[in-house]
Amino acid sequence: MKKKSIKTEIDVNNNKVGIMRVRDIDYISLTDLARYADSEEPRLPIRDWMRSKEVISYLGLWESINNKNFKGGEFATFKNEAGSNKFKMSPQKWIKETAAIGIISKSGRYDGGTFAHPDIAFEFASWLSPEFKLYLITEFERLKKNEAYQEKIEWHANRILAKTNYIIHTDAIKNYIVPILTEK
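The following refers to the structure shown.

Scoring rules and cut-offs
- Residues numbered from 1 in each chain as written.
- Predicted model: local features only at pLDDT ≥ 70, side-chain atom pairs only at ≥ 80, totals over all residues.
- Heavy atoms only, no water.
- Phe/Tyr/Trp six-rings, centres within 6.5 Å; stacked < 30°, edge-to-face > 60°.
- Buried < 20%, exposed > 50% of the residue type's maximum accessible area, 1.4 Å probe, protein only.
- Helix = DSSP H or I, 4+ residues; strand = E, 2+ residues; numbered from the N terminus.
- Salt bridge = Lys/Arg side-chain N within 4 Å of Asp/Glu carboxyl O.
- Core = buried A, V, L, I, M, F, W, Y, C linked by side-chain atoms within 4.5 Å.
- Contact = heavy atoms within 4.5 Å.

**Section: the packing of aromatic side chains**
Okay, step 1: Summed over the entire model, instances satisfying the criterion amount to nine aromatic pairs.
Okay, step 2: Where F70 meets F75, the ring centres are 5.7 Å apart and the plane angle is 50°; that geometry is what we call tilted.
Okay, step 3: For F70, a relative accessible area of 14% puts it in the buried group.
Okay, step 4: Seen from their ring centres, F124 and W127 are 6.0 Å apart, and the 20° between their planes marks the pair as stacked.

**Structural notes on the environment of K106**
Okay, step 1: Position of K106 relative to the elements: it lies in strand β4 (residues 103-106).
Okay, step 2: Along the primary structure K106 and P91 are separated by 15 residues, whereas in three dimensions their C-alpha atoms are 9.6 Å apart.

**Section: the pattern of salt bridges**
Okay, step 1: Here the structure, examined in full by the defined rule, presents six salt bridges.
Okay, step 2: The residue R21 makes a salt bridge to D26 at a minimum N-O spacing of 2.9 Å.
Okay, step 3: You can call R21 partly exposed: its relative accessible area is 23%.
Okay, step 4: Residue E139 pairs with R142 through a salt bridge whose shortest N-O separation is 2.9 Å. Here E139 pairs with R142, and both are found in helix α7 (residues 130-183), just three residues apart, close to one helical turn.
Okay, step 5: In this structure R142 comes out as partly exposed when scored by relative accessible area, which is 40%.
Okay, step 6: Taken together, the shared-partner salt bridges in this structure form one network comprising R21, D26 and K144.

**Here we look at the nonpolar core**
Okay, step 1: One finds I28, L33 and W94 to be the most contacted residues of the largest nonpolar core, which totals 35 residues.
Okay, step 2: Of all the elements in the fold, those that place two or more residues in this core are β1 (5-12), β2 (15-22), α1 (30-34), α2 (43-50), α3 (53-66), α4 (72-81), α6 (118-128) and α7.
Okay, step 3: No other element matches the six residues that α6 contributes to this core.
Okay, step 4: Sequence-distant contacts of W94, that is, excluding residues within four places in its chain, are made with M50, I56, L59, G60, E63, F70, F75, F78, M89, A99, A100 and I103.
Okay, step 5: Core analysis: the second largest hydrophobic core is formed by five residues, M20, V22, Y27 and I104 among them.

Have a look at this one:
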């Protein structure tokens, strides 16, 4: 089954950050967030962040709470190895080995990148810079408020349209159908 995604962008302290919606859940671009630290090689800050024992523990806890198919055995191995000099972790490896759902990583020049659930993206942003994290949260909340307002406007417009259609239909019945039925 193909995942349906819709992309939008927010501006976080003069940095464009992509948001991808997958099955009604917003995923924030870790790749775009990482450009705050390294605009040339954004994959490097993500990999550096994922080497930490605390990060692996956090990701494992998040997955165990939110993912019924999470592979805890593989996670335990990563948790034991995390923090050592030889430990290397990438989003693709994490997803493949643990069946993770909190991070999505796609290869490709124009449609690729690494995206994460907001809980995870906020943690990554905090690792980059607490100030940057606060800007991210503010802009993400603004986006969600705008979406809620837009949905309210759409609902109201649909309601008015339905009311107008009802009036048109009932008037048409009164003017054309009822006279024909009553003539006989």
